[in-house]
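Per-entry structural report
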Amino acid sequence: MWLEPEEVLLKTALKLWVTERSNRFFMLQRRKGHGTTGGTFTGLLVGALDTMLDSNARVAPYRILLQTPGSQVSWVIASAGAAVEEINRHWDWLDQNLLHSLSVFENKEDAMSFVKGKVKGLIAEEVRGEKVVQEDDPEKFREALLKFELRFGLPASEKLVTHYSCCCWKGRVPRQGWLYLSTNHMAFYSFLLGKEVKMVIPWVEVTRLERVSTTPLRDTIRVSTRRRQRDFSMFLNLEEAFSTMVQLANIALRRLLDNEGFQLDQVLQQPGHITKRVLEQQALKEYVLAQFWLPRRESLQDVVTCMLWTPHARCHTAGTLYTTDSYLCFASKEEGLCNLVIPLVEVISVEKPENTSSLPDPVIISVDYMTSHSYLGPSESTGKGTAPSEKSAHHAVNAEALMSVFHGSSPGTHGGSSTKEEVKVRSWEDHFLEYGRGVHMFRTEKVWKLVAVGIPESLRGELWLTFSGASVEMAAHRDHYSSLLRDSMGVSSLATEEIERDLHRSLPDHPAFQNDAAIAALRRVLTAYAHRNPEIGYCQSMNILASVMLLYTKEEEAFWLLVAVCERMLPDYFNHRVIGAQVDQSVFEELIRERLSELAERIPELSPLSSVSLSWFLTIFVSAMPFSSAVRVIDCFFLHGITAVLRLGLAVLDANADALATSTDDGQALMVLTSFLEGLRNDEEPSNSPRGHVEGTGTDSRSAERTQIGHLIRDSYEASEKFGDLTVRQVEQLRCRHRIHVLQAHEDTAKENALRVVSPEVSISTEDLGDLYDLFKTEHFIRLYWGAEESQWVQQHHNPRWPYAEQYRLDWSQFRSLYRLLAPWLCGPHTDTVAQRTFTLLDRDQDLLIGFREFAGWLNKLYSEDLNEKIKLLYRLHIPPALSENEDNTPPPKNPLLSTTRPLCVELPNGETEDYQERLKQMLRDLAKEKDHEEEKEELLPLMKQWEFIQFCKTLYSMLEGAPDEHELSQAIATVTSLVLRIGEVDHRSRCADDDGGTAGPDPTSGWTVSFSQIVASLLTEQALVTFFETPVDLRAKIAGARERQYQERVGVLAAQQGAASD
């Protein structure tokens, strides 16, 4: 590639370079130790050192120098990697375009300036319109991009994101080289002491990414696939490289394996637009959305380091201001010290005062304080709550929280705790005066302390709406809920059926849900959400969460709280595979090992403990502990999100560490946790609370032994040395890494089930069948890698909700590639035609797609069935629907193709002769008897017409091309062809002439036909053909070859298609 001219001293350079070509102005040199086999020890040492040097010091093996005649100073103007062809092209261009022009310059300096200007122009021309302009260092990235394309031969659409100098370990032996990270693959290249090593790993095959310490002084990145694991280490940028690898793997897997789940941003759906800068911006955006629970549609516009004036502290707090489409968000430098969210719709004015030495570039933002807390809670509603009549229960929207109805009908409910409740209300009112009220309240450590003590029931709904941001969304979409109710009324779907089944399972023991009005409100909320988000629809545990929300908020507010939880606070939780919950379950297991190391050492197998947590995450502990205690956990959840649930889960395990360690089996450990959680009591619980209905817990004799939920919550936050310092950023990083493992576990399960379904139908070994499944799936991915213009359509070929053997489907072009790789007999130029017929035959539902079941069944016939089944498959390929009448326009001959030199009699073994026509008639009678016998066992195949038989013969001839005994096989086919043509002619004439019994024979215009049995019988007369079809073909060898060639075959096809498109 062309380089910005860089000055070098020729005298020094000659010690490490060998001049290959030169003229008066230019010199082509090769680095010692490159481009030769063997060589001197000095050359090999130089090549090895070049490979081990970092990127800033590494030297390309070929270069072109611009030299001034009579001077020792030269300029490097071009360089190339391992291929000498590229540097030769540059040399030829200089020789043809510049060398003659330089001879007219009288001044050497002018000649040098002329060449430098030309080279800079060439560089500008190369960079213009290329993807390298998006990089921070286009020159350096352009060099790496050319090496990447040259070394690995992937299509130009494979976008290189970044590269690192690293070391790949094989046991204890390091190999220094380069790690290239692209949108779909990670690749490693090394050239050390004359030995070249290449490695390409698709992200979709990565099952786990970890940072491990193999020695006290060496951290490595461990990349695990289903076949092996690799360790990579580097002196610099290890953390950056690991973060980039996790992001790229996560994006690729979500795009390829989880396209029905969490939708990626538009820029990430287009791999060609992904750069290192885009990844950094995306990671920051994910953090901001998770930290402040902003809607997924928000885009991060700007990030500024600033000082925020905090009136409650009467000082400036250092932190970062994040600007999105609809929000201003501030996070203090010390995480958790102070957070602030300001919806832009509530901003009244923005002022720019004069600068001062103590306050440079100040900005004053005024907000509409009155709109920020227009919530009307249960305690503020006028009059006592009354339940709607049964007649209107299904249509009227509740204007107050269910808990206010429940308390209104039970006057004595608050008697024992009214004093404590009033104290908490006064504390919150004082807090509102000092820190603000509504969505732009200053969220500090004091807020958490108040939440840990317990939110008063009269303020619970308001604060849930504030902390979650649901109040902002509700204000921005005032008529959305009522519109959803109108649109969904009377609409029946799978979601509504599931909702009806679960309505009465939602807090069935709570008194507030003992009437039809509450059930109707729950039905409306769940149905409206299913109508709003049909991708999620309805999932179990949504009914429990919605029930709790209805207790403390109005119906519309409960709907928007459910939106906040499902779409922002617990993303990807509520779908049929609950990917998000399983990811957090895997995160929880790692946190146990990391934060509760002593417990992890005493219980080596942690999966049973982490499996218990799935219900904790899905219902936020509502299904695991008494309701009055669970509501306190939900308070913490709306303030701190999933980190509150993870912390509390760790605190539960820590409190029961000794009992869990001494458990003899998983069942006993489960009983320990269940008993502990059921025994949790709320220290603020009213004395006359209907414990039996709400809590469903044990007898009063155990109440003294119960742990107070308030103590457990405080322990989960204050034990900073164990889990109190868990942050949103840490959780998001863990989620990103563990999603890889969870998605791959789902893929393994889908593969196991697909093989379980298909295995009984085929004779292929389980190992070979699994490898065929991998090849089948890889072919689907390859199109998504490099078929950008059709990737959206190809993504529809995969759906985890389809039957296991049909979850991946291939179209015609994908099947053609696998046909060429796996078919035991190819047909030369006729191969694509036969492959098209095969695809049409396998596509039984005519949707232009085939699944793995059909694919495996086809290969089973070719590799594992007997000769009869193989010929039957060939026969089916040459009759409709596989063979269409307009496929071959060659008109069939009017008469059979008979050889005039063939004798009309045959010699019998005893030396006698028999008329050939009589012999054919006898064969037809025998075949008729066999045909009658076969009709009893299976449906008779349609007869084959003459022109279809000619196509059948063409396929047989093309299958034999290149066979060792091709001549003998060709003669055998010629004999069989002549025999079948005569059989068909005799059969046709006999049918036309047969009018015995007073019935007319078949219409003479009906045409020449033969049956499958006649063709099989004819083929059996030629031992060479029998041997050809019955000789087994090694499927394992075919699979191994296909695995090696699959990428190269597709790359070649894509290159040809791109070349044709450019022409």
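Residues numbered from 1 in each chain as written. Predicted model: local features only at pLDDT ≥ 70, side-chain atom pairs only at ≥ 80, totals over all residues. Heavy atoms only, no water.

1. Thoughts on the overall build of the chain
When helices and strands are counted, the chain shows 42 helices and 25 strands. Counting every position in the chain, which comprises 1063 residues, the buried fraction comes to 52%. For the chain, long-range pairs separated by at least 24 residues make up 66% of all intrachain contacts whose partners lie at least 6 apart in sequence. (Helix = DSSP H or I, 4+ residues; strand = E, 2+ residues; numbered from the N terminus. Buried < 20%, exposed > 50% of the residue type's maximum accessible area, 1.4 Å probe, protein only. Contact = heavy atoms within 4.5 Å.)

2. Digging into the packing of helix α13 (residues 457-468) against helix α18 (residues 542-552)
Closest axis-to-axis distance for the α13/α18 pair is 8 Å, and the angle between their directions is 120°. Viewed along their axes, α13 and α18 adopt a mutual orientation that is oblique. Residues Glu457, Arg460, Gly461 and Trp464 of α13 form the contact with α18, whose participating residues are Val548, Met549 and Tyr552. Residues belonging to the contact of α13 with α18 are distributed by class as follows: four nonpolar, one polar and two charged. (Axes fitted to C-alpha atoms, helices over the stretch in contact; angles between N-to-C directions. Parallel < 35°, antiparallel > 145°, perpendicular 65-115°, else oblique. Nonpolar A, V, L, I, M, F, W, Y, C, P; charged D, E, K, R; others polar.)

3. Observations concerning the sheet that holds strand β19 (residues 443-444)
Taking strand neighbours across the sheet as the criterion, the five strands line up as β13-β14-β15-β16-β19 in an open arrangement whose pairing is antiparallel. Pairing within the sheet leaves two strands with one partner each, and these edge strands are β13 (300-310) and β19. Of the strand pairs in this sheet, strand β16 (residues 338-343) and β19 are connected by two bridges, and their pairing is antiparallel. Paired with asparagine 339 across the strands is arginine 443, a residue of β19. (Pairing = 2+ DSSP bridges.)

4. Observations concerning the pairing of strand β6 (residues 160-170)
The element β6 is largely enclosed, with a buried count of ten among its eleven residues. In this structure, β6 lies alongside strand β7 (residues 173-182), joined through ten bridges in antiparallel fashion. Looking at β7, one finds that leucine 160 is bridged to serine 182. Where β6 folds back onto β7 in an antiparallel hairpin, the turn is made up of two residues, including glycine 171, whose phi is positive at roughly 70°. With three bridges joining them, β6 and strand β12 (residues 229-233) adopt antiparallel strand pairing.

5. Some thoughts on unusual backbone geometry
Geometrically, the link from proline 880 to proline 881 is a cis peptide bond, its omega value of 5° lying close to zero. The backbone phi angle of leucine 507 is positive, close to 45°, even though this residue is not glycine. Here leucine 507 shows up in the loop between α16 (494-502) and α17 (516-532). Assessed through its relative accessible area of 14%, leucine 507 is described here as buried. Phi angles above zero are rare outside glycine, and glutamine 846 is one such case at about 55°. You can see glutamine 846 is positioned in the loop between α34 (831-842) and β21 (850-851).

6. Describing the pattern of salt bridges
Under the criterion given, the structure shown has 37 salt bridges. Of the charged contacts in the structure, one is a salt bridge between arginine 437 and glutamate 429, with a shortest N-O distance of 3.7 Å. Exposure remark for glutamate 429: the relative accessible area of 31% places this residue in the partly exposed category. Among the salt bridges present, the one from aspartate 847 reaches arginine 809, with a minimum N-O distance of 3.6 Å. Of this pair, aspartate 847 sits in the loop between α34 and β21 while arginine 809 sits in strand β20 (residues 809-810), and the two are 38 residues apart along the sequence. For aspartate 847, a relative accessible area of 29% puts it in the partly exposed group. One network of salt bridges, in which partners are shared, links Arg227, Asp768, Asp771, Arg1036 and Arg1043. (Salt bridge = Lys/Arg side-chain N within 4 Å of Asp/Glu carboxyl O.)

7. Focus on the state of the cysteines
Scanning the entire structure with this criterion turns up zero disulfides. Cysteine 167 carries a free sulfur, and the closest cysteine sulfur to it, the one in cysteine 166, is 7.1 Å from it. Classification of cysteine 167 as buried rests on a relative accessible area of 9%. With no disulfide partner, cysteine 566 has as its closest neighbouring cysteine sulfur the one in cysteine 539, 8.1 Å distant. (Disulfide = S-S within 2.5 Å.)

8. With respect to the nonpolar core
Nonpolar side chains tend to gather and get buried jointly when the protein is soluble and globular. In terms of nonpolar packing, the biggest core is built from 253 residues, with Trp428, Phe467, Met542, Phe574, Phe638, Phe852 and Trp858 touching the most fellow members. For this core, the leading source of residues is helix α7 (residues 238-257), giving twelve residues. What phenylalanine 467 contacts, discounting residues up to four positions off in sequence, is Trp293, Trp428, Met441, Arg443, Val447, Val451, Ile455, Phe638 and Leu639. Of all hydrophobic cores here, the second largest spans 21 residues; its members include Trp2, Leu94, Leu102 and Met112. (Core = buried A, V, L, I, M, F, W, Y, C linked by side-chain atoms within 4.5 Å.)

9. Some points on the confidence of the model for the chain
Low pLDDT marks stretches whose predicted atomic positions should not be read closely. With 79% of its residues at a pLDDT of 70 or more, the chain shows a mean pLDDT of 81. Highest mean pLDDT in the chain belongs to helix α35 (residues 852-863) (96); lowest belongs to helix α27 (residues 691-694) (39). Low pLDDT, under 50, characterises residues 686-704; the predicted model gives this stretch 33 contacts beyond four residues in sequence or across chains. Within the model, pLDDT remains below 50 along residues 889-909, and this stretch shows 30 contacts once partners closer than five positions in the same chain are excluded. (pLDDT = per-residue confidence, 0-100.)

10. Description of the environment of valine 115
Tracing the backbone through its elements, the reader meets valine 115 in helix α5 (residues 108-127). Residue valine 115 is classed as buried on the basis of its relative accessible area of 0%. Considering only alpha carbons, one finds valine 115 and leucine 66, 49 residues apart in sequence, at a separation of 8.1 Å. In this view, valine 115 contacts Phe26, Leu66, Ile77, Leu98 and Leu102; residues no more than four positions away in its chain are not counted.

11. Details of the sheet that holds strand β8 (residues 185-192)
Pairing within the open sheet is antiparallel, and its seven strands lie in the order β9-β8-β7-β6-β12-β11-β10. Bordering the open sheet on either side are β9 (195-202) and β10 (206-215), each of which pairs with just one other strand. This sheet shows a mean twist of 30° between the axes of neighbouring strands, independent of strand direction.

12. Observations regarding the packing of aromatic side chains
Under the definition given, this model contains 37 aromatic pairs. Taking 5.5 Å as the distance between ring centres and 75° as the angle between the ring planes, the aromatic pair formed by tyrosine 875 and phenylalanine 1012 counts as edge-to-face. Of this pair, tyrosine 875 sits in helix α36 (residues 867-876) while phenylalanine 1012 sits in helix α40 (residues 1012-1019), placing them 137 residues apart in sequence. We note that tyrosine 875, like phenylalanine 1012, is buried. Seen in terms of ring centroids, phenylalanine 1028 and phenylalanine 1029 are 5.2 Å apart; in terms of plane orientation they differ by 85°. Their pairing is edge-to-face. On the accessibility criterion, phenylalanine 1028 (15% relative accessible area) is buried. Residue classification places phenylalanine 1029 among the buried residues on the basis of a relative accessible area of 2%. An aromatic cluster is built from Tyr773, Phe776, Trp812, Phe815, Tyr819, Phe839, Phe852, Phe855 and Trp858, whose rings are joined through pairwise contacts. (Phe/Tyr/Trp six-rings, centres within 6.5 Å; stacked < 30°, edge-to-face > 60°.)

13. Some remarks on the environment of arginine 809
Judged by its relative accessible area of 15%, arginine 809 falls in the buried class. In the structure, arginine 809 is positioned 29 residues away from histidine 780 in sequence and 7.5 Å away in space, judged by C-alpha atoms. Discounting chain neighbours no more than four positions away, the residues touching arginine 809 are Phe776, His780, His797, Trp802, Gln814, Asp847, Leu849, Ile850 and Gly851. Among the polar contacts listed, one links the side chain of arginine 809 to the backbone oxygen of glutamate 806, at a separation of 3.3 Å. (Polar contact = N/O pair within 3.5 Å; in protein donor to acceptor, adjacent residues only side chain to side chain.)

14. Quick notes on helix α15 (residues 480-488)
Regarding α15, the residues found buried are Tyr481, Leu484, Leu485 and Ser488. Taken down its axis, α15 places every buried residue within 100° of arc, on the same side. On its buried face, α15 sits against α17 and α19 (555-569). (Arc of directions from axis to C-beta.)

15. Comments concerning helix α3 (residues 84-97)
Between its terminal C-alpha atoms α3 stretches 20 Å, which fits the 20 Å expected from 14 residues at 1.5 Å a residue. For α3, the complete set of buried residues consists of Glu86, Ile87, His90, Trp91 and Leu94. Projection of α3 onto a plane perpendicular to its axis shows the buried side chains occupying an angular sector of 140°, all on one side. Looking at α3, the residues exposed on the side facing more than 90 degrees away from the buried face are Arg89 and Gln96. (Expected span 1.5 Å × (residues − 1).)

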